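Fold and contact review
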Amino acid sequence: MPNIEQLRIIFRYISYWLNAIDEHSLQPPFAYRLYTSVIKRKEQYPIFEDIEKSRKELLADQREISFSELGAGSKVNPRKKRQIKDIARNSLTPAKFSELLFRLVAHFKPHIILELGTSLGINTLYLAKVRKEVKVITFEGCPETAAISQELFQKHSSENIEVITGDISATLPPFINQVEKVDFVYFDANHRLEPTLNYFNICLSKAHTNSIFIFDDIHWSREMEEAWKQIKENPKVTMTMDLFNSGLVFFDPDLKKQHYTLMF
Ligand SMILES: C[S@@+](CC[C@H](N)C(=O)[O-])C[C@H]1O[C@@H](n2cnc3c(N)ncnc32)[C@H](O)[C@@H]1O
């Protein structure tokens with residue numbers, strides 16, 4: 001029997017599904033092109049197979065680590081000692097979304113990518129493997145999880161990834177202070193209202209016309225729903241795209257302020 005929170009998500013999904021549009025109802029050229037040539041694109045790259053092999057290994061990895069819980073946490077397994085396979089099962093996004101991250105990086109060609117919430121590093125690899133020249137800075141609060149992700153990056157010879165360990169509320173501000181701009185930010189750490197808005201505002205201070213922000217789990221909880229609502233309302237935000245599990249945010253003032261709910 002689903003609990004109230006599970007019912008809320010089911011209801012939310014039905015409402016998404018009823019409202020989501022596809023390319024046939026999408027008129028503006030930027031949104032149409034992005035949707036048809038990036039979001040809905042399905043082609044596979046050889047690197048996907050390598051990364052998915054590692055995902056499978058993590059999903060079978062019985063090693064146990066001490067997990068330091070900093071975020072809103074797993075709704076499924078909030079214990080302290082956790083097996084890597086359980087972290088992989090509960091924290092990693094489906095491959096379909098990982099592939100979208102890859103295509104977005106390939107399309108927008110950011111120089112610097114921030115990932116808030118590394119976990120085991122699967123999506124970090126998708127972000128970093130597009131081009132060697134791209135620099136990925138990934139933030140993780142749990143030192144033992146960060147250590148597992150670093151094993152993975154070494155195994156995949158990904159020298160363009162830097163892991164910053166510690167609570168993002170302490171590590172992000174000094175990092176942002178010393179960069180000129182942020183091109184691409186993937187928010188997937190503390191899924192609470194206040195930290196999400198805090199990270200958003202910190203990154204927003206260095207966003208530019210062509211920056212893109214991606215938020216994971218925008219309908220995961222009431223707090224994330226509220227965070228997503230406030231992000232959309234921010235005057236610097238122009239176009240947004242709701243893909244249900246994630247939301248894309250754009251700042252280009254030439255784009256009309258418009259919020260699309262899109263089939264993905
Ligand atoms: C959902 S997982 C990230 C998954 C990863 N982005 C992926 O898709 O492969 C969230 C991660 O954020 C980390 N996290 C949560 N709150 C944090 C905080 N305040 N500071 C640093 N890391 C945090 C957790 O330890 C966890 O590993």
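Residues numbered from 1 in each chain as written. Predicted model: local features only at pLDDT ≥ 70, side-chain atom pairs only at ≥ 80, totals over all residues.

**Regarding the overall build of the chain**
When you go through the chain residue by residue, the secondary structure sums to ten helices and ten strands. Seen through its principal axes, the chain has C-alpha atoms that stretch 50 × 50 × 35 Å. Here the chain, with 264 residues, has 35% of them falling under the buried criterion. Within the chain, counting contacts between residues at least 6 apart in sequence, those at least 24 apart form 67% of the total. (Helix = DSSP H or I, 4+ residues; strand = E, 2+ residues; numbered from the N terminus. Buried ≥ 20, exposed ≤ 12 C-beta atoms within 10 Å, placed from the backbone. Contact = placed C-beta atoms within 7 Å.)

**A word on the packing of helix α9 (residues 193-204) against helix α10 (residues 222-233)**
If you want to describe how two helices pack, look at the angle between their axes and the distance between the axes. Relative orientation of the contacting elements α9 and α10 amounts to 30 degrees, with a least axis distance of 8 Å. The angle between α9 and α10 falls in the class roughly parallel. Crossing angle aside, the handedness with which α9 passes α10 is right-handed. Facing α9, whose interface residues are L193, T196, L197 and F200, α10 presents E223, M224, E226, A227, Q230 and I231. Within the contact of α9 with α10, the residues separate by chemical class into six nonpolar, two polar and two charged. (Axes fitted to C-alpha atoms, helices over the stretch in contact; angles between N-to-C directions. Parallel < 35°, antiparallel > 145°, perpendicular 65-115°, else oblique. Left-handed = near helix turned anticlockwise from the far one by under 90°. Nonpolar A, V, L, I, M, F, W, Y, C, P; charged D, E, K, R; others polar.)

**Thoughts on the pairing of strand β4 (residues 135-140)**
In terms of burial, β4 is largely enclosed, as five of its six residues are buried. Note: strand β3 (residues 112-116) against β4, five bridges, orientation parallel. Counterpart to E115 in the pairing with β4 is T138. Read from β3 through helix α6 (residues 122-128) to β4, the crossover connection turns out right-handed. (Pairing = 2+ DSSP bridges. Right-handed = clockwise from strand over helix to strand, strands pointing away.)

**Structural notes on the pairing of β3**
With four of five residues buried, β3 lies mostly within the body of the structure. Pairing analysis gives four bridges linking β3 to strand β6 (residues 182-187), with the strands arranged parallel. Looking at β6, one finds that I113 is bridged to F184.

**Some details on the packing of helix α8 (residues 168-177) against α9**
The geometry of α8 relative to α9 is characterised by a closest axis approach of 10 Å and an angle of 10 degrees between their N-to-C directions. The orientation of α8 relative to α9 falls into the category roughly parallel. Residue-level inspection shows I168, S169, L172, P173 and I176 of α8 in contact with α9, the latter providing P195, N198, Y199, I202 and C203. Here the residues of the contact of α8 with α9 are counted per class, giving eight nonpolar, two polar and no charged.

**Overview of the environment of I122**
Mapped onto the fold, I122 is located in helix α6. Contacts of I122, omitting those with residues within four sequence positions, involve I51, S54, R55, L92 and S98.

**Concerning the sheet that holds strand β9 (residues 246-250)**
The strand order across the open sheet formed by eight strands is β5-β4-β3-β6-β7-β9-β8-β10, and the pairing between neighbours is mixed. The sheet is open, and its two edges are formed by β5 (161-165) and β10 (258-261), each paired on a single side. Taking each pair of neighbouring strands and ignoring which way they run, the sheet shows an average axis angle of 15 degrees. The strands touched by α8 within the sheet are β3, β4 and β5, with β4 carrying the most contacts at an inclination of about 150 degrees.

**With respect to helix α2 (residues 29-39)**
Burial in α2 covers these residues: A31, L34, Y35 and I39. The buried residues of α2 occupy an angular sector of 95 degrees when the element is viewed end-on, so they sit on one face. Within α2, the exposed residues directed more than 90 degrees away from the buried face are P29 and S37. The inward-facing, buried residues of α2 abut α5 (95-108), β8 (239-242) and β10. (Arc of directions from axis to C-beta.)

**Some remarks on unusual backbone geometry**
Phi at S119 takes a positive value of approximately 50 degrees, unusual for a residue other than glycine. With respect to the element layout, S119 can be found in the loop between β3 and α6. Assessed through the 24 C-beta atoms surrounding it within 10 Å, S119 is described here as buried. Of note in the backbone geometry, D217 takes a positive phi value of approximately 55 degrees without being a glycine. One can find D217 in the loop between β7 (207-216) and α10. For D217, a count of 19 C-beta atoms within 10 Å gives the class partly exposed.

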